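Architecture at a glance
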Number of protein chains: 2
Amino acid sequence: MFIVQLWDVYTMRERTLIKDLNKHIDQYVLVAGWMHRLRILGKLGFLLLRDSTGFVQCVLNAQQIDSIKHLQVESVLSIRGYVIKKPDKEGLEVHVSEIEVISPVLDQVPVEINKDSLDAHLDTIIDHRPVTLRHEKQKAIFKVQAGILTAFRNAMIEEGFIEFRSPVLMGAPSESGASVFEVKYYDHKAYLAQSPQVYKQIMVGVFERVFTITPVFRAEKHNTTRHLMEITQMDGEVGFIEDYDECLEIIERVVRKIFNHLDNNYSKELQLWNTTLPQLPASRFPKVKVKEALQIIEKKAGKSAQRPELDLDPQDERLIAEWALEEYGSDFLWILNFKKDKNFYTRNNPEDPDESLSFDLVCRGLEWLSGTHRIHDYNKLVENMKNQGLTLEYYEHYLEAFKYGIPYEAGFSFGLERMTQQIFRLKNIREAVLFPSDLDRIAGQRISKHKTV
Amino acid sequence: MFIVQLWDVYTMRERTLIKDLNKHIDQYVLVAGWMHRLRILGKLGFLLLRDSTGFVQCVLNAQQIDSIKHLQVESVLSIRGYVIKKPDKEGLEVHVSEIEVISPVLDQVPVEINKDSLDAHLDTIIDHRPVTLRHEKQKAIFKVQAGILTAFRNAMIEEGFIEFRSPVLMGAPSESGASVFEVKYYDHKAYLAQSPQVYKQIMVGVFERVFTITPVFRAEKHNTTRHLMEITQMDGEVGFIEDYDECLEIIERVVRKIFNHLDNNYSKELQLWNTTLPQLPASRFPKVKVKEALQIIEKKAGKSAQRPELDLDPQDERLIAEWALEEYGSDFLWILNFKKDKNFYTRNNPEDPDESLSFDLVCRGLEWLSGTHRIHDYNKLVENMKNQGLTLEYYEHYLEAFKYGIPYEAGFSFGLERMTQQIFRLKNIREAVLFPSDLDRIAGQRISKHKTV
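The structure displayed is predicted, hence computed values, not measured ones.

Bringing the overall build of chain A into the picture now. Within chain A, the regular secondary structure consists of 13 helices and 18 strands. Taking all 453 residues of chain A together, 59% fall into the buried category. Across chain A, the fraction of contacts at a sequence separation of at least 24, relative to all contacts at a separation of at least 6, is 63%. Of the accessible surface of chain A, which amounts to about 19,000 Å², a share of 47% is contributed by carbon and sulfur atoms. Placing the 58 positive and 66 negative side-chain charges of chain A at their respective mean positions leaves the two points 5 Å apart.

Residue and element names in this part refer to chain B. Compared with an ideal rise of 1.5 Å per residue, which puts 23 residues at 33 Å, helix α5 (residues 136-158) spans 33 Å between its outermost C-alpha atoms and is within 8% of the ideal. Counting buried positions over the 23 residues of α5 gives 19, a clear majority of the element. Of the residues trailing α5, Gly 160 is marked for its positive phi of about 90°.

Aromatic ring pairs: the centre-centre distance and the angle between the two ring planes describe each pair. Within the structure shown, the criterion is met by 44 aromatic pairs over all chains. Measuring from ring centre to ring centre gives 5.7 Å for Phe 152 of chain A and Phe 414 of chain A, while their planes differ by 75°; the resulting arrangement is edge-to-face. Here Phe 152 of chain A, found in helix α5 (residues 136-158), pairs with Phe 414 of chain A, found in strand β16 (residues 409-415); they are 262 residues apart in sequence, far enough to count as distant. Exposure class is identical for Phe 152 of chain A and Phe 414 of chain A. Each is buried. On the basis of an interplanar angle of 65° and a centroid distance of 5.0 Å, the ring pair of Tyr 28 of chain B and Tyr 82 of chain B is categorised as edge-to-face. A residue pair is termed long-range when its members are at least 10 positions apart, and Tyr 28 of chain B in strand β1 (residues 28-41) and Tyr 82 of chain B in strand β4 (residues 76-85) qualify at 54 residues. Here the basic side chain of Lys 137 of chain A rests over the ring of Trp 273 of chain A, its NZ or CZ set 4.4 Å away from the ring centre.

On to the interface of chain B and chain A. Each side of the interface is counted separately: chain B has 111 residues, and chain A has 111 residues. Together, the buried faces of chain B and chain A total about 9,500 Å²; carbon and sulfur atoms form 60% of this surface. In terms of surface lost to chain A, no three residues of chain B exceed Arg 165, His 397 and Tyr 404 of chain B, which account for 9% of the buried area on that side. Remark: the boundary between chain B and chain A carries 6 salt bridges. Here Glu 208 of chain B makes a salt bridge to Arg 15 of chain A, at a shortest N to O gap of 2.9 Å. Sorting elements by how many residues they give to the side of chain B that touches chain A places α5 of chain B first, with 8 residues. The residue inventory of the side of chain B that touches chain A, partitioned by class, reads 58 nonpolar, 20 polar and 33 charged.

Next up on the list: the domain arrangement of chain A. Residues and elements named next belong to chain A. Domain boundaries in chain A define domain 1 (2-103) and domain 2 (129-278 + 364-449). Computed over C-alpha atoms, the centres of domain 1 and domain 2 are 44 Å apart. Taken together, the contacts link 5 residues of domain 1 with 4 residues of domain 2. Area buried by domain 1 at its contact with domain 2 is led by Arg 50, Phe 55 and Glu 74, which between them contribute 67% of it. Counting across the domain 1 and domain 2 interface gives 1 salt bridge. A salt bridge links Glu 74 to Arg 134, with the nearest nitrogen and oxygen atoms 2.9 Å apart. Class assignment of the residues belonging to the side of domain 1 that touches domain 2 gives a composition of 2 nonpolar, 1 polar and 2 charged.

Turning our attention to the pattern of salt bridges. Under the criterion given, the structure shown has 78 salt bridges over all chains. A salt bridge links Lys 303 of chain A to Asp 313 of chain A; the shortest N-O distance between them is 2.9 Å. Note that Lys 303 of chain A is positioned in the loop between α9 (290-301) and α10 (314-328) and Asp 313 of chain A in the loop between α9 and α10, a separation of 10 residues in sequence. What makes Lys 303 of chain A buried here is its relative accessible area of 19%. Where Lys 287 of chain B meets Asp 245 of chain B, a salt bridge forms, and the shortest distance between an N and an O atom there is 2.8 Å. Pair noted here: Lys 287 of chain B is in strand β12 (residues 287-289) and Asp 245 of chain B is in helix α7 (residues 245-265), with a separation of 42 residues, a long-range link. Exposure remark for Lys 287 of chain B: the relative accessible area of 36% places this residue in the partly exposed category. Within this structure, Asp 245, Glu 249, Glu 252, Arg 284 and Lys 287 of chain A form a network of salt bridges that share partners.

Looking now at the relation of the copies chain B and chain A. Expressed as a screw transformation, the operator carrying chain B onto chain A has a rotation angle of 180° and an axial translation of 0.0 Å, and the superposed copies differ by an RMSD of 0.0 Å. Overall, the copies show the geometry of a two-fold rotation axis. Rotation axis and chain B: the residue whose C-alpha lies nearest the axis is Val 183 of chain B, separated from it by 2.3 Å.

A few words on the side chain of Gln 233 of chain B. All names here are of chain B. With respect to the helices, strands and loops of the structure, Gln 233 is situated in strand β11 (residues 230-239). Classification of Gln 233 by relative accessible area gives buried; the value is 7%. Within the structure, Gln 233 has its side chain in polar contact with the side chain of Asp 235 (distance 2.7 Å). For Gln 233, the side chain forms a polar contact with the side chain of Ser 413, separated by 2.8 Å.

A few words now on unusual backbone geometry. Residues and elements named next belong to chain A. Positive phi values are uncommon outside glycine, yet Phe 240 reaches one of about 60°. Residue position: Phe 240 is located in the loop between β11 (230-239) and α7 (245-265). A residue is classified by how much of its surface remains accessible, and Phe 240, at 9% relative accessible area, is buried. Phi at Arg 425 takes a positive value of approximately 50°, unusual for a residue other than glycine.

Bringing the pairing of strand β14 (residues 358-363) of chain A into the picture now. Residues and elements named next belong to chain A. In terms of burial, β14 is largely enclosed, as 6 of its 6 residues are buried. Of the two faces of β14, the one carrying Ser 358, Asp 360 and Val 362 and the one carrying Phe 359, Leu 361 and Cys 363 are both buried. Across 5 bridges, the pairing between strand β13 (residues 332-336) and β14 is antiparallel. Residue pairing in the sheet places Leu 336 in a bridge with Phe 359 of β14.

Looking now at the sheet that holds strand β13 (residues 332-336) of chain B. Residues and elements named next belong to chain B. The 8 strands are arranged β6-β10-β11-β16-β15-β14-β13-β12 in an open sheet whose pairing can be described as mixed. Each edge of the open sheet is held by one strand with a lone partner, namely β6 (162-163) and β12. Bridge count between β6 and strand β10 (residues 209-217): 2 bridges; the pairing is parallel. For Glu 163, the partnering residue across the bridge sits in β10 and is Phe 211.

With that settled, consider the packing of helix α6 (residues 197-207) of chain B against helix α12 (residues 396-403) of chain B. Residues and elements named next belong to chain B. With their axes 9 Å apart at the nearest point, α6 and α12 run at an angle of 25° to one another. The orientation of α6 relative to α12 falls into the category roughly parallel. Crossing angle aside, the handedness with which α6 passes α12 is left-handed. On the side of α6, the interface is formed by Val 198, Gln 201 and Ile 202, while α12 contributes His 397, Tyr 398, Ala 401 and Phe 402. Class assignment of the residues belonging to the contact of α6 with α12 gives a composition of 5 nonpolar, 2 polar and no charged.

Residues and elements named next belong to chain A. What the 8 strands build is an open sheet, ordered β6-β10-β11-β16-β15-β14-β13-β12; its pairing is mixed. Whereas interior strands pair on both sides, the edge strands pair on one side only; in this sheet they are β6 (162-163) and β12 (287-289). In terms of strand pairing, β14 meets strand β15 (residues 366-373) through 6 bridges, oriented antiparallel. Its bridge partner being in β15, Asp 360 is matched across the sheet by Ser 370.

Calculation criteria
- Residues numbered from 1 in each chain as written.
- Chains lettered and ligands numbered in written order.
- Predicted model: local features only at pLDDT ≥ 70, side-chain atom pairs only at ≥ 80, totals over all residues.
- Heavy atoms only, no water.
- Helix = DSSP H or I, 4+ residues; strand = E, 2+ residues; numbered from the N terminus.
- Buried < 20%, exposed > 50% of the residue type's maximum accessible area, 1.4 Å probe, protein only.
- Contact = heavy atoms within 4.5 Å.
- Areas by Shrake-Rupley, 256 points an atom, 1.4 Å probe, with all protein chains shown as cover.
- Lys, Arg positive; Asp, Glu negative; His and termini not counted.
- Charge placed at Lys NZ, Arg CZ, Asp CG, Glu CD.
- Expected span 1.5 Å × (residues − 1).
- Phe/Tyr/Trp six-rings, centres within 6.5 Å; stacked < 30°, edge-to-face > 60°.
- Lys NZ or Arg CZ within 6 Å of the ring centre and 35° of its normal.
- Buried area = accessible area lost by both parts, 1.4 Å probe.
- Salt bridge = Lys/Arg side-chain N within 4 Å of Asp/Glu carboxyl O.
- Nonpolar A, V, L, I, M, F, W, Y, C, P; charged D, E, K, R; others polar.
- Domains from an automatic or database assignment.
- Least-squares fit on C-alpha atoms with pLDDT ≥ 70 in both.
- Polar contact = N/O pair within 3.5 Å; in protein donor to acceptor, adjacent residues only side chain to side chain.
- Pairing = 2+ DSSP bridges.
- Axes fitted to C-alpha atoms, helices over the stretch in contact; angles between N-to-C directions.
- Parallel < 35°, antiparallel > 145°, perpendicular 65-115°, else oblique.
- Left-handed = near helix turned anticlockwise from the far one by under 90°.

The following block contains the structure:
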């Protein structure tokens, strides 16, 4: 009987995930993962093994210690052993029969990743992303980010939106004004999409309600904690919207569904950061026009309501966020009707010539989403584009959609990194992207290392 | 009573979708959509209204006909009227009380899109994408494409994969050999990702199982029915894979789940094209090594098994696909162990020095997916990269991941457009992408219109 068991151990090939070990108490198993920590106490070794589902302590004898004590943490191991319930304690242990080294690590890991917190400068964290991402708190950020993507898509599909793939390569800049990256496209120039704006509006003519999750690119000249050159936008566009409040209602339902999903699936990840999800109001999110917001701020903080344009500065945004939390118990707030937009596709408010029909969803003072009510009239679009000196030929497809019938519509755009940043209260947007591009880096690696290739 | 009803009609604002009209028989409704067709028979007009959910016939009187007869099809209308069940017929009609023109179309639509089939050259179809996409058969293609995306993601999540966002901007080409697009990145050069390869392998060290849906770019010099410069890849990467057959098993389950989803949700769309989903075998998909495939082809078609390299030409692929259908009742077939790969990350077969540990999933003779078993040994990777003359500094992050422990692993990549193309048996890959980029076009628009900007 015992011989059969040993034979089983050495031929056993099926791996047990650490989270499933409790189904194998008093049995032999094969576990595999990374050596997270190794403590040696006399003739006993305690190896903390990590896989994608958790941690387990593996107990080694003197001979086994000798076979792996030259290895550094993060070595990848496959371990056969016997699962026991720890006496007088919660949790399980694996008493090791055999260790196979899958990938030995011989140099010391550049950043200590087996402590509760990563004690390193952000630059160091990004320089060593492939290793620092393995820290539990770093993993938590990107697990939740994956959860946001899933929940957004499911919510949009439930609201009747159809997903489409928006092109990255464009023949002309998608937004006037904003800086754009140029691509050498054979003998021509192409541009990296600054937004899926043009395409999502075209697609309203096809499916009425569309969404896309897509990378967008801005050739920013700034190196701040807020700027990235490549981000992920989660965009929606809705046809047959007469009053943009109908669009706000949809967005509120989507935000609630995202939060439900995170609440149900990622409480452990949020706890690691001692954070809770932003507070949602009981019913509709509070709404305030920029004009009204400035009045409230004047009353509240004694700051003058006079601004050169209908816009809020960062201090205003914080003040009005405080107001929404006090008055409505909500971390979220709609700020409506900013100054007339510079883009060609936003409707102005027919009742107030200063205002555009625009909306930002602000959470704890940070913009999560922005959107506008669109112009659907072909002639008005042509007029606006001409006034901006745009070459109409480059927008042939866009204009064709409107020439042949687009309903009144509205659209919006979530910033994935900003949502992630704020849920975890991260100081720098770079913490919320796996491989950030900025003035110093491309996809996480320092540009200086690339020079001109 | 009747007066109250009329008042209701004119103040009614809530739109009823055409698919829901059967819940409103003998009631007033507001419907909105596109004028798909207008027939005038004496004093009666029959307007076929289309929204995203279906079609309904609206019956107009002489005065109403006068108010819209100057409009072309695709005009966007909002119609108030009374729903009745057609006498002696299936289906419903709306007897119109009031018509509001949301967007008038005054020029004739460039391609007839209200016939059963789009009778136009592919170039014309793409030139007029914003309009031609509204044809029911075109819509079907992209609805199913959205369904593939949803089903792929759900299946991957069920298999324990975590989604991540792979960067598009890279500091160095992601694949040696293949042509790459250059981006002017301030004073430097960046490159558009040719694949998420580097990043998905790094992420195996973090989450073990990862997937991403991402645009990839190839600066192809060819203008064929098979080449596009921007496509969507659906990629997966799996850690702790000792025998790549474990990876094939996962992929087979994912394909089955995608097909289940399409079968349950898109039968109407497939019927429009008179197509059925490719045939799946009862159990595992048939597998054949390239070497064996060449022997089978020799026997079957008398074509010599001698090739300069271990590879199949398009005729071979068709022949071996026929064989799989005859022998296994399967439109799918694994072709295994191609010639040693030129890339630096694929394992060779330790038992046969000619072969790499690689796999293609072929459906009806077209490659849907390719993948390989990866090298996880840091020193071997460094050696391969040096042999290829790659600058190791550009792959700093990639190499760091392996230096600090990556398990044996395998990965794969589905081509979204190819899957879509073959499900609908489309002749040209361009039919399976909304806004194709090729030698003549960027995002669907002709390059000649852009010249040098």
